Amino acid sequence: MVPRRNAPGPGYGANPPGAKGTRMRTSRRVPVALLALSVAAALGVGVWSSATPVKAGTAPVTAVSTDFEDGTTQNWAPRSTDETVANSPTVAHDGTHSLAVTDRTESWQGPTLDLLDTMELGVQYTIAAWVRLADGDASTSARLSVERRLGDAVNYETVVGDTTLNAGSWTQMSGTYTLANDVDFLTVYVETSDGTSSFFIDDFTMTYVPAIPIEADIPALKDVFADSFPIGAAVGRAQLLGEHGQLLSKHFSTLTAGNAMKWDATEPTEDAFTYTDADAIVAYANANDIAVRGHTLVWHNQTPSWVFQDASGATMTATEENKTLLLSRLENHIRNVAGHYADDIYAWDVVNEVIDEGQSDGLRRSTWYTVTGLDYIRTAFAVAREVAPNAKLYINDYNTTVAAKRDALYDLVSQLKSEGIPIDGVGHQMHGNVDWPSAADTDAALTKFAALGVEQQVTEMDISVYTDSTSSHDTISADLLARQATRYQALFDVYAAHQADLTSVTLWGLADDDTWLKTFPITRLDLPLLFDEQLQSKPAYWSIIGQPSPTASTTASASASASTSASASASASASASGTTACAVTYSVAGQWPGGFQGAVAIGNTGTAAINGWTLGWTFADGQQIAQLWNGGFTQSGSTVTVTSEAWNGTIAAGGSASFGFLGSWDGTNTMPTSFTLNGQTCSG
Ligand code: XIL
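A few points on the structure. Bear in mind the structure is a predicted one, so any value in this text is a computation, not a measurement.

1. Some details on the overall build of the protein
Helix and strand content of the protein: twelve helices and 33 strands. Across the 684 residues in the protein, those meeting the buried criterion constitute 54%. Nonlocal contacts in the protein, meaning residues at least 24 apart in sequence, comprise 75% of its contacts between residues at least 6 apart.

2. Looking at the site of the ligand
Taken together, Asn259, Lys262, His295, Trp299, Gln302, Asn352, Glu353, Gln429, His431, Glu460, Trp508 and Trp516 make up all the residues around the ligand. For the ligand, an oxygen atom lies 2.8 Å from a polar atom in the side chain of Asn259. Side-chain polar atom of Glu460 to an oxygen atom of the ligand: 2.7 Å apart, as the coordinates give it. Contact with the protein chains covers 75% of the free accessible surface of the ligand, which is 410 Å². Of the residues assigned to the shell around the ligand, the class counts are three nonpolar, six polar and three charged.

3. Regarding the nonpolar core
Judged by nonpolar contacts, the single largest core of 103 residues is most densely connected at Trp348 and Tyr495. Discounting residues that sit within four places of it in the chain, Tyr495 has contacts with Phe229, Met430, Thr442, Leu446, Val458, Met461, Leu502 and Val505. Residues Leu113, Val146, Leu179 and Met206 belong to the second largest nonpolar core, which totals 35 residues.

4. Concerning unusual backbone geometry
In the segment running from His295 into Thr296, the intervening peptide bond is cis, with an omega of 0°. Among the secondary structure elements, Thr296 is positioned in strand E16 (residues 291-298). Note the cis peptide between Trp436 and Pro437, where omega equals 0°. Within the secondary structure, Pro437 sits in the loop between strand E20 (431-433) and helix H9 (439-450). Even without a glycine there, the phi angle at Asp271 is positive, about 65°. Considering the arrangement of structural elements, one finds Asp271 in the loop between helix H3 (263-266) and helix H4 (276-287). In the Ramachandran plot, Glu353 falls in the positive-phi region, its phi being about 60° despite a non-glycine side chain. With respect to the helices and strands, Glu353 occurs in the loop between strand E17 (345-352) and helix H6 (367-372). On the basis of relative accessibility, which here comes to 10%, the residue Glu353 falls in the buried class.

5. Describing the sheet that holds strand E4 (residues 77-78)
Taken in spatial order, the five strands make up an open sheet running E4-E7-E12-E9-E10, and their pairing is antiparallel. Bordering the open sheet on either side are E4 and strand E10 (153-165), each of which pairs with just one other strand. Bridge count for strand E7 (residues 111-114) against strand E12 (residues 185-192) is three bridges, and the pairing is antiparallel. Within E12, the residue paired with Leu113 across the bridge is Val188.

6. Some thoughts on the sheet that holds strand E32 (residues 675-677)
Strand order in the open sheet made by the five strands is E28-E29-E26-E32-E33, with antiparallel pairing throughout. Each edge of the open sheet is held by one strand with a lone partner, namely strand E28 (632-636) and strand E33 (680-682). The average undirected angle you get between the axes of adjacent strands in this sheet is 25°. Bridging between strand E26 (residues 614-618) and E32 involves two bridges; their strand directions are antiparallel.

7. Overview of the pattern of salt bridges
This structure, assessed with the given rule, holds 23 salt bridges. Its salt-bridge partner being Arg237, residue Asp277 comes within 3.1 Å of it at the nearest N-O pair. Of this pair, Asp277 sits in helix H4 while Arg237 sits in the loop between strand E14 (231-235) and helix H2 (242-251); the two residues are 40 residues apart in sequence, bridging distant segments of the chain. Among the ionic pairs, Arg385 bridges to Asp424, the shortest N-O distance being 2.5 Å.

8. Brief notes about the packing of aromatic side chains
Counting across every chain of the model gives 27 aromatic pairs. When the ring of Tyr488 is compared with that of Phe492, the centres are 6.5 Å apart and the planes differ by 40°; the resulting orientation is tilted. Pair noted here: Tyr488 and Phe492 are both in helix H10 (residues 478-497), with a separation of four residues, about one helical turn. Phe492 carries the same exposure label as Tyr488, and that label is buried.

9. A short note on the packing of helix H8 (residues 403-418) against H9
Between H8 and H9, the least distance of the axes is 11 Å, while the angle of their chain directions is 10°. On the basis of the axis angle, H8 is roughly parallel to H9. When H8 is examined against H9, the residues Arg406, Asp407, Leu409 and Tyr410 are found in contact with a partner set consisting of Asp441, Ala444, Ala445, Lys448 and Phe449. Partitioned by chemical class, the residues of the contact of H8 with H9 number five nonpolar, no polar and four charged.

10. Remarks on helix H5 (residues 320-340)
Relative to the 30 Å expected for 21 residues at 1.5 Å per residue, H5 spans 30 Å between its end C-alpha atoms, a close match to the ideal helical length. For H5, every residue scored as buried is listed here: Asn322, Lys323, Leu326, Leu327, Arg329, Leu330, His333, Ile334, Val337 and Ala338. Buried residues of H5, viewed axially, fall in a sector of 160°; they line one side. In this structure, H5 carries Glu320, Glu321 and Thr324 as exposed residues pointing more than 90 degrees from its buried face. For H5, the elements touching its buried residues are H3, E16, E17, H6 and helix H7 (375-387).

Cut-offs applied
Per-chain numbering applies: the sequence of each chain, read as written, is numbered from 1 onward. In keeping with the predicted nature of the model, local features appear solely for residues at pLDDT of at least 70, side-chain atom pairs appear and are counted solely at 80 or more, and the whole-chain, interface and lining totals rest on all residues. No hydrogens and no water enter the side-chain calculation; it runs on all heavy atoms of the structure. Helix and strand definitions follow DSSP, with helices as H or I runs of at least four residues and strands as E runs of at least two, each counted in order from the N terminus. Using a 1.4 Å probe on the protein chains alone, a residue whose accessible area is under 20% of its type maximum counts as buried, one over 50% counts as exposed, and one in between counts as partly exposed. Residue contacts are counted whenever heavy atoms from the two residues lie within 4.5 Å of one another. We call a residue near a molecule or strand as soon as one heavy atom of that residue lies within 4 Å of the molecule or strand. A 3.5 Å cut-off defines polar contacts: any pair of N or O atoms within that distance qualifies, except that in protein one atom must be a possible hydrogen donor and the other a possible acceptor, and neighbouring residues in sequence count only when both atoms are side-chain atoms. Residue burial considers only the protein chains on display, and all accessible areas are found by Shrake-Rupley using a 1.4 Å probe. Asp, Glu, Lys and Arg are counted as charged, while Ala, Val, Leu, Ile, Met, Phe, Trp, Tyr, Cys and Pro are counted as nonpolar; the rest, among them Gly, fall into the polar class. Only buried residues count toward a nonpolar core. Its members are Ala, Val, Leu, Ile, Met, Phe, Trp, Tyr and Cys residues joined through side-chain atoms within 4.5 Å. DSSP bridges decide pairing: two strands pair if at least two such bridges lie between them. Only the stretch in contact is used when a helix axis is fitted, and all axes are lines through C-alpha atoms; the angle between N-to-C directions ranges over 0 to 180 degrees. Every case where a carboxyl oxygen of Asp or Glu lies within 4 Å of a side-chain nitrogen of Lys or Arg is listed as a salt bridge. Stacked, tilted and edge-to-face pairs are distinguished by plane angle, under 30 degrees for stacked and over 60 for edge-to-face with tilted covering the rest, among Phe, Tyr and Trp rings (Trp via its six-membered ring) whose centres lie within 6.5 Å. Each angle receives one of four descriptions, namely roughly parallel if under 35 degrees, roughly antiparallel if over 145, roughly perpendicular if within 65 to 115, and oblique otherwise. To estimate how far a helix should reach, multiply one less than its number of residues by 1.5 Å. This arc is taken over the directions from the axis of the helix to the C-beta atoms.

As structure tokens, this is what we get:
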């Protein structure tokens, strides 16, 4: 067998026999394929569904397909010399044959296919395979990964993470992958997370949707916002190539490396610094006159485990010795990484997400904190200032629109600044969703820190189409995209009002084809950015530049800035008379011990428009609303009253309005079923 390689991360795998290919990949373009435009029919999505098509897609092109029906292995091979990979008539997902892998002695062993001559740089592929355990083998999970090499450098990248396989049934594994690095060896493989079960694979496909040109004539965001603030996007190497690179340089004046500058990327093993991807991103930025934000020097995530291990390899406990060791590792890391980019990076997220407003002192109990107290933050800023004296130094966090969070952050920054710690700025991540945060809370966050005399930046903005962490849609309705546009516009309006305080606004991603929200908090379709999966402008783009969307339907018009629904405002004035009736949908979008998130939709089921609304209900179990968005609220005992905002008070006949809230509960959390709207009883 082949020795196991000491590679970190979920893509952990083997170092199989010598590299097969020697040819270096260059940026060859995908062969031009005819773009078969197929408009996806809209699917109804909850109460927000509209009959409008969501988005035009292009037909996928198949680059590789192996179904094993010809009785051969179709170029699949074993990863090592131990296991056997053979065509099998025993089971098949479709047809009569599949590929069997038996005799495995290590979990990383499995079938592998050479992609060196097939996969093109910068093209996003969907890679899918059906996998089935051999009968009689216990359940385990499998994953699908890519191994790429250049010279001696080996990387394993997970395409589909651990997926449970159940005995006797086929499971499909499907994920996307974009090759962003030059390679001289490239394979895809299937392994199990543990154990050595025999398994079968079948109907493997690798497809891609041909790129269409970016819109060359639409206004460049960086021009539109030139007088307000630089505008940026978080990117990886894949976003530097082809149409992605064109979109990036056309619209953005600043960029952030989404992952390439994090600790696990820059110092995966102690004192061995790797800048391959980060350097490529910086070189692109320099060549295209784009400023670079650095993200991030210290975080509790994406930090290799060795950082937190003591001299004996055990997880650090809070001792003086460990504190000294951890701070020296921190100093060495920052000295190297921030020093490496001293001339390239104009602003660093020195520390990321150090606040936990649930703690009495507001400080996250990361290992950084438990071992060093606040000294890790003090050291990080001091060393960064020393080695990168021209960079603005930021403390970056999410949910700063939540009062308790921003208050804790404010207190920390005040304290550290009074100690003389060189904090120049506060970064507001601004991960939001179609209903949240409110303009008022966003304004409150920016106003609060302006008083502290620090610079501010919006560092990671995106607007999820989901307001909870469990829902999942196969397609996203035009209405949802319109709501997203409305939210983008509301928040950008606040940013514009605060442009004197804001020195940049950065989106967490370039376009919807590559966003972290497709796997966080669960795997689902999310479209949170300004450009769609084909890099074309969305209603959200048009909303923030203040122009009508040329492609939006009448119900999804992004120019309807003052309304969640253009149809609502359009027909409201025409409906001065008629019947009034309402239907209310109340749901618990998420619930945890002591807290929950509620979502309420008011449907106008009458024939007259509703012009301004007050909704009332009674909680049965002592629930208490703490915070509510898209409306004003009062609660007196168990009686709740919610009133419309100026912009969502008009509900056309057949239209709807919604709001959400955070509340507390104890014991039971019965949902109210009886509501009054403007004094009239609604159906529940
Ligand atoms: C995310 C990246 O976008 C993902 O690719 C990665 O898997 C996890 O981290 N807050 C941050 C960012 O500060 O670093 C995170 O980026 C998103 C949340």
